[in-house]
Amino acid sequence: MRGVAACAQYGADLMNASWGGASQYQDGKNDTVRMYNLLAEKYGVTAFVSAGNSGPGLSTLGSPGGEASSIIGVGAYVSAEMSRVLYSQRTTGPNTAYQFSARGPARNGDLGVDIMGPGGAYGSLSYDELRKSQRYHGTSMSSPSVAGLGALLVSAAKQSKLAYSPARIRAALMNSALFVKGVEVFAQGAGLVQALPAWAHLQANQKQPAWDHFYDVETDNNTFSSGPGLYLRGDIPVGKREVRFDLAPKFPAKVTAPEKFNLEDDLVFSATQPWVKIPGYARLSNGRITIRPVLDIPESRAGEPLYAEIHARLPGSPKAGPLVRIPITIVRGKKTKAQLKYRGG
């Protein structure tokens, strides 16, 4: 925590945190998570944090990397070339997420993993080890890899006199990421980071101040805990269900009253799955807005996740990707013999 405080005190542009631990509640409300969110939202420090190494099961995210909503949670990616070179494989492996890389969603509905980066490399050692390097892998490797790319974006933005708030850096990385075929969204989030497309995104959207800010999304319709996404688990009936999401901008401390007053944009909503029926439009300003999508929940096998996202885009830049993403995850469980006996099934 001293490192986090020092970043805020001395005005660091970005930081990497290759650490974390298990979270009992995954509700995004513990003190560590709050501190990391404040680092980005109030002090303008872009934070890259490892998502954790407890995969491949669902909801195995570490904290704060898988819980803090205003940081960049990084999963671990391994390419076919990495498998051949780093692990001396005789056969060609797939481009995929490492098995150990933690998976979302968190119990509060947050997807947790925002993007993936290379999760293995040779690292240098101190002289007392009597060898120069050793192979390491983990989200503790992928997070600094992505942080290095973030540093390049910040450096280029400074030289070009462009805005580079943490929200802009996060949006540029996520909305330009390459979604890796065959890898579940819970492991990769938006996908594998891409340097040049991220820089192009940062350049292209400078004139829209809405990209400067993070947005607070909250629903209390979850099975476990209120949070920025919807997560339903258990005996979820087929059919229609209305849910509520509240959305509001989160302003850094340096934002002035006139800037808050002038924030006004239309949002265009869409959903990635047909079973999510979403209102088409809403007006974004300095205040909270409410949307009430209806889920027409389909059938699914026990343990097979249903996943969708609600996207809020700016009509002036439809190709820029979502300004806000709201994840929706539904997982039905398998009834045990004890449950059936207790309930008279």
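From a predicted model like this one, the values you see are computed outputs, not experimental measurements. (Residues numbered from 1 in each chain as written. Predicted model: local features only at pLDDT ≥ 70, side-chain atom pairs only at ≥ 80, totals over all residues. Heavy atoms only, no water.)

### Things to note about unusual backbone geometry
Then, number 1: In this chain, Gly55 is followed by Pro56 through a cis amide linkage whose omega measures 10°.
Then, number 2: Note that Pro56 resides in the loop between β3 (46-50) and β4 (62-63).
Then, number 3: Of note, the bond from Ser63 into Pro64 is cis; its omega dihedral lies within 30 degrees of zero at 15°.
Then, number 4: Among the structural elements, Pro64 can be located in the loop between β4 and β5 (72-78).
Then, number 5: Look at Ser88: it is not a glycine, yet its phi comes out positive at around 55°. (Helix = DSSP H or I, 4+ residues; strand = E, 2+ residues; numbered from the N terminus.)

### Here we look at the packing of aromatic side chains
Then, number 1: Counted according to the given criterion, the structure contains five aromatic pairs.
Then, number 2: For the pair Tyr98 and Phe100, a centre-to-centre distance of 4.7 Å together with 25° between the ring planes defines the contact as stacked.
Then, number 3: Taken together, the ring pairs connect Tyr87, Tyr98 and Phe100 into an aromatic cluster.
Then, number 4: Its guanidinium or amino end placed over the ring of Phe224, Arg107 lies 5.4 Å from that ring's centre, counting from NZ or CZ. (Phe/Tyr/Trp six-rings, centres within 6.5 Å; stacked < 30°, edge-to-face > 60°. Lys NZ or Arg CZ within 6 Å of the ring centre and 35° of its normal.)

### With respect to the sheet that holds strand β16 (residues 281-285)
Then, number 1: Pairing within the open sheet is mixed, and its five strands lie in the order β11-β20-β19-β14-β16. Each edge of the open sheet carries a strand with a single partner, namely β11 (230-234) and β16. Between one strand and the next, the sheet's axes are offset by a mean angle of 20°, whatever the strand orientation.
Then, number 2: Of the strand pairs in this sheet, strand β14 (residues 264-271) and strand β19 (residues 306-313) are connected by four bridges, and their pairing is antiparallel. Counted as the bridge partner of Ala271 is Ile310 from β19. (Pairing = 2+ DSSP bridges. Axes fitted to C-alpha atoms, helices over the stretch in contact; angles between N-to-C directions.)

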